[in-house]
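# Inside the fold
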Amino acid sequence: AMGAVGGDFSTLSTNPGGLGLYRSGDLGATLNLGLHLGSDTYRGNTYTTPTVDAKLGGLALVINFPINRESQEGVVDFNFGVAYNQLANYHGGFTAKGENADHSFLDALVAEANDLGLNPSSFGSEKDNSAYRAYNWYMVAARKTFLFEPIDVDGNPWRTNKEFKKFITTLEPGDVVEQRQSYYQVGHLGEIDFSGAINVSNRLFLGLTLGVQEFDRKWEKEHFERNILFSASSQLDRFKLKEEAKEEGVGVNLKLGAVLRASDYLRFGLAFHSPTAMSVESEYEVEAEAYYKTAPNYYRTESPEGETKYSFYGPMRAMGSMAVLFGSHGLISADYIYSHNPLMAFSNRARYTEHNELLQNEIKGTHEVRAGLEILALPFVYRLGGGYLSSAYSTKLLHTYGARYYASAGFGMAFDGFYFDIAYRHLWQYGEAYLYKYQNIEAFAKRRDFEGLLMATIGFRW
């Protein structure tokens with residue numbers, strides 16, 4: 001919680017007023033080593049998926065320009081800083097597995113195809129394939145591997161000379177399937193900050209940051225089902241539907257910040273972040289495999305590679321901070337951040353009308369509170385911290401997460417011109433993840449998300 005403390009390069013992406021407290025140059029870097037444990041509980045079975053990765057957490061250069069050190073009145077210092085801060089790490093995975101006698105993923109796909117009014121000709125060539133235009137490529141992949149079939153008005157397999165009635169799945173009533181869905185993703189969200197700040201009479205510190213965000217995310221989701229209790233007429237043995245996708249984006253925002261040194265023992269901070277305007281490109285494809293008991297017993301298909309581009313406006317933020325300092329003994333600090341979503345939307349409002357309505361109606365502002373304690377016994381420094389972030393979802397949505405909790409502890413040493421620090425942060429988050437969902441056909445897992453992050457920082461000041 002450094003919003004009112006300042007003098008740390010992380011404040012360039014939170015409260016740039018903290019840059020004004022520097023009285024010297026600084027060059028620092030942080031390396032993150034993370035362990036992610038994703039745990040899904042589905043139909044009474046719990047599976048935990050561990051993943052480990054290492055990333056650059058931060059890199060910064062601060063240059064100090066003394067202006068009026070003699071009188072200590074007016075603008076005393078000007079500081080310029082450029083920093084990279086990792087804002088999010090998407091590395092992690094989940095696995096859900098269980099037996100289901102009630103429904104299959106195929107039931108959800110068939111129900112959607114029938115409600116959309118699709119017919120056998122809807123799954124024709126890619127050029128005029130209306131199922132592709134429905135943005136459910138799982139449906140297309142399942143149809144092309146004969147995982148669901150058309151029937152006529154008499155309930156028999158459809159032929160071109162008969163009137164089409166609806167689609168039905170290849171599974172038969174009474175079949176029981178073993179389901180497994182695995183999800184794995186990598187990527188990050190980072191921000192390059194270009195900041196300037198001034199020190200006014202050693203009382204008021206004002207800063208401005210231009211933030212350039214960049215992110216990439218790749219994920220792979222595989223849904224597998226195996227028929228484990230065949231009815232007499234069952235032909236389907238097992239199938240797999242797999243999605244691979246990636247996104248890359250660049251965005252920009254502005255941040256204004258101030259720190260007021262009310263006394264030698266008390267500081268206040270205030271910052272505002274503009275919405276982030278981001279441009280995104282994405283690519284995705286879906287493949288399917290199906291195995292049957294009788295010949296031909298294997299089918300496989302791949303969708304064409306899809307591409308889309310869109311622009312997006314993120315939430316704006318306001319941040320208030322306070323710090324109480326105990327001279328050379330340590331400090332206590334706290335931050336409060338409110339994220340507001342009035343401009344949160346896709347910029348192509350005609351194409352993303354339903355998505356924007358969902359964002360406006362179902363996404364709410366978030367509240368984040370974090371606090372920290374630092375004890376100085378120079379050259380040794382000891383730190384403890386904790387935080388809470390409320391959920392952004394007002395109702396049950398796909399892949400919803402609830403509130404986030406985290407705690408941290410750190411140890412460091414500071415010398416003339418050199419410092420290093422090692423810190424550990426633990427994060428807890430709970431929610432639900434749908435394996436599939438369409439109207440009342442839904443399969444969801446209770447999800448627990450744990451992340452341990454070890455951060456090592458080294459820096460030089462002059």
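Each value, and the rule that gives it
- Residues numbered from 1 in each chain as written.
- Predicted model: local features only at pLDDT ≥ 70, side-chain atom pairs only at ≥ 80, totals over all residues.
- Heavy atoms only, no water.
- Helix = DSSP H or I, 4+ residues; strand = E, 2+ residues; numbered from the N terminus.
- Contact = heavy atoms within 4.5 Å.
- Areas by Shrake-Rupley, 256 points an atom, 1.4 Å probe, with all protein chains shown as cover.
- Lys, Arg positive; Asp, Glu negative; His and termini not counted.
- Charge placed at Lys NZ, Arg CZ, Asp CG, Glu CD.
- Axes fitted to C-alpha atoms, helices over the stretch in contact; angles between N-to-C directions.
- Parallel < 35°, antiparallel > 145°, perpendicular 65-115°, else oblique.
- Nonpolar A, V, L, I, M, F, W, Y, C, P; charged D, E, K, R; others polar.
- Buried < 20%, exposed > 50% of the residue type's maximum accessible area, 1.4 Å probe, protein only.
- Pairing = 2+ DSSP bridges.
- Core = buried A, V, L, I, M, F, W, Y, C linked by side-chain atoms within 4.5 Å.
- Phe/Tyr/Trp six-rings, centres within 6.5 Å; stacked < 30°, edge-to-face > 60°.
- Lys NZ or Arg CZ within 6 Å of the ring centre and 35° of its normal.
- pLDDT = per-residue confidence, 0-100.
- Salt bridge = Lys/Arg side-chain N within 4 Å of Asp/Glu carboxyl O.
- Polar contact = N/O pair within 3.5 Å; in protein donor to acceptor, adjacent residues only side chain to side chain.

## Section: the overall build of the protein
Secondary structure summary: the protein contains four helices and 21 strands in total. Considering only C-alpha atoms, the protein reaches an extent of 95 × 40 × 30 Å along its principal axes. Sequence separation of 24 or more characterises 68% of the internal contacts of the protein that already satisfy a separation of 6 or more. Summing over all exposed atoms, the protein offers an accessible surface of approximately 22,400 Å²; the carbon and sulfur share of this is 59%. Positive and negative charge centroids in the protein, built from 43 and 54 side chains respectively, lie 2 Å apart.

## Structural notes on the packing of helix α1 (residues 105-115) against helix α3 (residues 137-144)
Following both chains from N to C, one finds α1 and α3 inclined at 105°, their axes separated by 10 Å at the closest point. With respect to their mutual orientation, α1 and α3 come out roughly perpendicular. Taking contact as the criterion, the partners of F105, L106, L109, E112 and A113 in α1 are, on α3, Y138, M139 and A142. In terms of residue class, the contact of α1 with α3 is built from seven nonpolar, no polar and one charged.

## A few points about the pairing of strand β4 (residues 92-100)
For β4, the tally of buried residues reaches seven of nine residues, placing the bulk of the element in the interior. In terms of strand pairing, β4 meets strand β7 (residues 176-200) through nine bridges, oriented antiparallel. Its bridge partner lying in β7, K97 is registered against R180.

## Concerning the nonpolar core
One finds L106, L109, L147 and L241 to be the most contacted residues of the largest nonpolar core, which totals 35 residues. When residues of this core are traced back to their parent elements, those giving at least two are α1, α3, β9 (236-261), β11 (277-292), β20 (418-438) and β21 (441-461). The element best represented in this core is α1, accounting for seven residues. Apart from the residues lying within four places of it in its own chain, the contact partners of L106 are A142, L147, T169, L171, L236 and F239. Grouped together as the second largest cluster of nonpolar side chains are eleven residues, L189, M278, F346 and L359 included.

## A look at the packing of aromatic side chains
Scanning the entire structure with this criterion turns up 23 aromatic pairs. Summarising the aromatic geometry, the rings of F415 and F418 are spaced 6.4 Å apart at their centres and angled 15° between planes, so their arrangement reads as stacked. Under the relative-accessibility criterion, F415 is labelled partly exposed at 41%. Ring-pair connections join several aromatic residues into one group, and the members of that group are F123, F148, F164 and F167. Above the ring of F94, the side-chain terminus of R447 is found at 3.6 Å from the ring centroid.

## So, the pairing of strand β15 (residues 330-340)
With ten bridges connecting them, strand β14 (residues 316-325) and β15 associate as antiparallel partners. When the sheet's bridge partners are listed, S321 is paired in β15 with D335. Pairing between β15 and strand β17 (residues 366-377): ten bridges, direction antiparallel. Its bridge partner being in β17, G330 is matched across the sheet by I375.

## A word on the confidence of the model for the protein
The predicted model of the protein averages 92 in pLDDT, with 96% of residues at 70 or higher. Looking over the protein, one finds the lowest element-wise mean pLDDT in helix α2 (residues 130-133), namely 60, and the highest in strand β10 (residues 266-273), namely 98.

## Let's talk about the pattern of salt bridges
Evaluation of the coordinates by the stated rule reveals 31 salt bridges. Here K162 and D154 are joined by a salt bridge, their closest N and O atoms 3.0 Å apart. Classification of K162 as partly exposed rests on a relative accessible area of 36%. Among the ionic contacts, a cluster of salt bridges with common partners joins R180, E222, K240, E287, E289, R300 and E302.

## A look at α1
Two residues of an α-helix separated by three or four positions point the same way, owing to the 3.6 residues in each turn. For α1, the buried fraction is high: eight of the eleven residues fall into the buried class. Restricting attention to buried positions, one finds in α1 the residues F105, L106, A108, L109, V110, A111, E112 and A113. Where α1 begins, one side-chain oxygen reaches toward the backbone nitrogen of L106, 3.0 Å away; that side chain belongs to S104. Taken from the residues just after α1, G117 is the one with a positive phi, measuring 75°.

## Looking at the environment of G306
Here G306 is to be found in strand β13 (residues 306-313). A residue is classified by how much of its surface remains accessible, and G306, at 6% relative accessible area, is buried. Residues G306 and E285 lie 21 residues apart in sequence; the distance between their C-alpha atoms is 6.1 Å. Excluding its chain neighbours within four sequence positions, the residues that come into contact with G306 are W137, S282, E283 and Y284.

## Quick notes on unusual backbone geometry
Residues A295 and P296 are joined by a peptide bond in cis, for which omega reads -10°. Inspection of the secondary structure puts P296 in the loop between β11 and β12 (298-302). Residue L378 is joined to P379 through a cis peptide bond whose omega torsion reads 10°. Along the chain, P379 turns up in the loop between β17 and β18 (380-389). With phi around 60°, F146 is a residue other than glycine that occupies positive phi space. According to the relative accessible area criterion, F146 is partly exposed, its value standing at 31%. Even without glycine at this site, N202 takes up a positive phi of about 60°. Among the structural elements, N202 can be located in the loop between β7 and β8 (204-229).

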